[in-house]
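One-letter residues, chain by chain:
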Amino acid sequence: MGNTAFVHRNASLLSVEMTLPTVTVTSDEIDEMLTPARKRLRLPKGVLQRVAGVYERRWWQDTEDGWRHGVVNAAERAMANAGINRNQVGLLINASVSRPYLEPAVSTAIHHSLGMPTSCMNFDITNACLGFVNAMTMAAGMIDAGQIQYALIVGAEDVEEVQRGTIDRLNSKSATRADFNNQFASLTLGSGAAAAVLGPTDKHPEGHRLKLTQARAGTQHHELCVANMQDMRTDSTGLLENGIALIMDTWKDANEAGLDFRSIEHVIPHQVSMVYTRNFSKITGVGMERIPVSFPDWGNIAAEAVPMTLANHQKDIARGERVLLLGVGSGLNTAFMEVEW
């Protein structure tokens, strides 16, 4: 029992960028789409706002390929801001939950769209909402080992199909209140894209040094949230309770090992809901003023929630301050990555 610890010796975050889709879908609009279900099941308006704290989410303008344009745009800006060109990138990892198809790897379409060199290895990492942080940890290890110089981590979520499908199912005459509760979390999701470039610290003193990752598994809870490309069913109460418990076990072990996460200036947890965020703040003692939130405006952007929130918040981080990227994925798995800005 306990955490798995990774110490990063020569890897830095050189840039992180995001693309926010242009179509805003408010929770009031979702309520209107659910009018048949609300009337038949006697459900009040405003549940998404009151329970989850989600007021808006985004959908891509181009429903066929918006995600690809979004992630390519973020990746190009990330490479430009890191001061590298595509021919220097030895590894591209796609870490998104959304998949327009099962095979081939989604990374291949992104690799091709970006015009990456044939020498750039590419693959997908899928670990629910934890995938992006996992990808950063893996890439950092390969940089430390001298196997690659630069890694490009990307991901894009496209939730319109699953949300429209959820609304249609809930509006059917056979849907029950239990169905609404099981599929409620699907309505809190949002679309978006993120990209990050990692490189060697000794060649980039201007970068943000990756210091360590603390990871922990709680896979006895792997059935609490199960999804495919059309449907997601979640035991929201069980996921919240057991997710917080896993985070706190990881937090406790890390602090007992002397890592002192309590004093970190910026803590960026996975963006789920206000209930989750306030519980985390209360239990850890990390004040809400140190926790930037994006879910009220963007919803839960799955694996891209943490990097997009970081990209949006980075202007408020001072040189030398510590940042904790706190990823959690249904399954359950968690990983905390400390970055020295």
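Residues numbered from 1 in each chain as written. Predicted model: local features only at pLDDT ≥ 70, side-chain atom pairs only at ≥ 80, totals over all residues. Heavy atoms only, no water.

### Re helix α6 (residues 131-144)
So the rule is basically this: Helix and strand assignments come from DSSP, with helices taken as H or I runs of at least 4 residues and strands as E runs of at least 2, each series counted from the N terminus. Between the first and last residue of a helix there are one fewer steps than residues, each counted as 1.5 Å, and that sum is the expected span. Burial classes follow relative accessibility: with a 1.4 Å probe on protein chains only, a residue under 20% of its type's maximum area counts as buried, one over 50% as exposed, and anything between as partly exposed.
With 14 residues, α6 extends 20 Å between its outermost C-alpha atoms, agreeing within 8% with the 20 Å of an ideal straight helix rising 1.5 Å per residue. Every buried residue of α6 is listed here: Gly131, Phe132, Val133, Ala135, Met136, Thr137, Ala139, Ala140, Met142 and Ile143. Phi for Gly146, located one or two positions after α6, is positive at around 75°.

### A look at unusual backbone geometry
The omega torsion of the bond from Glu103 to Pro104 falls at -5°, within 30 degrees of zero and hence cis. For the bond from Gly331 to Leu332, the omega torsion is -15°, close enough to zero to count as cis. With respect to the helices and strands, Leu332 occurs in the loop between β13 (322-329) and β14 (333-340). In this structure, Arg42 takes a positive phi of about 60° despite not being glycine. By secondary structure assignment, the location of Arg42 is in the loop between α2 (35-41) and α3 (47-52). Phi at Ala302 is positive, roughly 50°, even though this residue is not glycine. Summarising the element assignment, Ala302 is placed in the loop between α11 (295-298) and α12 (305-313). We classify Ala302 as buried; its relative accessible area is 9%.

### With respect to the packing of helix α9 (residues 236-256) against helix α10 (residues 274-284)
The test is simple: Whenever a helix is involved, its axis is fitted only over the stretch in contact; in every case the axis is a line through C-alpha atoms, and angles between N-to-C directions fall within 0 to 180 degrees. Definitions for this section: a left-handed crossing has its near helix turned counterclockwise from the far helix by less than a right angle. A right-handed crossing has that turn clockwise. In what follows, a contact means two residues having at least one pair of non-hydrogen atoms within 4.5 Å. Polarity classes work like this: nonpolar for Ala, Val, Leu, Ile, Met, Phe, Trp, Tyr, Cys and Pro, charged for Asp, Glu, Lys and Arg, and polar for all others, with Gly in that last group.
It is the contact of α9 with α10, at a shortest axis distance of 11 Å, that shows an interaxial angle of 30°. Crossing geometry of α9 relative to α10 is assigned as right-handed. For the pair formed by α9 and α10, the contact residues are Leu240, Ile244, Ile247, Met248 and Trp251 on the first element and Val275, Tyr276, Asn279, Phe280, Ile283 and Thr284 on the second. Per-class residue counts for the contact of α9 with α10 are nine nonpolar, two polar and no charged.

### Thoughts on the nonpolar core
Across soluble globular proteins, you tend to see nonpolar side chains buried next to one another. In plain terms, the rule: By nonpolar core is meant a set of buried Ala, Val, Leu, Ile, Met, Phe, Trp, Tyr and Cys residues that side-chain atoms within 4.5 Å join together.
Ranked by internal contacts, the top residues of the largest apolar core, which has 40 residues, are Leu13, Met136, Ile153, Leu198, Leu210, Leu310 and Leu325. With eight residues, the top contributor of residues to this core is α6. Non-local contacts of Leu210, meaning those with residues more than four positions away in its chain, are made with His8, Ala11, Ser12, Leu13, Met136, Ala140, Leu198, Met337, Glu338 and Val339. Leu114, Cys120, Leu152 and Ala156 belong to the second-largest nonpolar core, a separate cluster that totals 25 residues.

The analysis is restricted to geometry; functional conclusions fall outside its scope.
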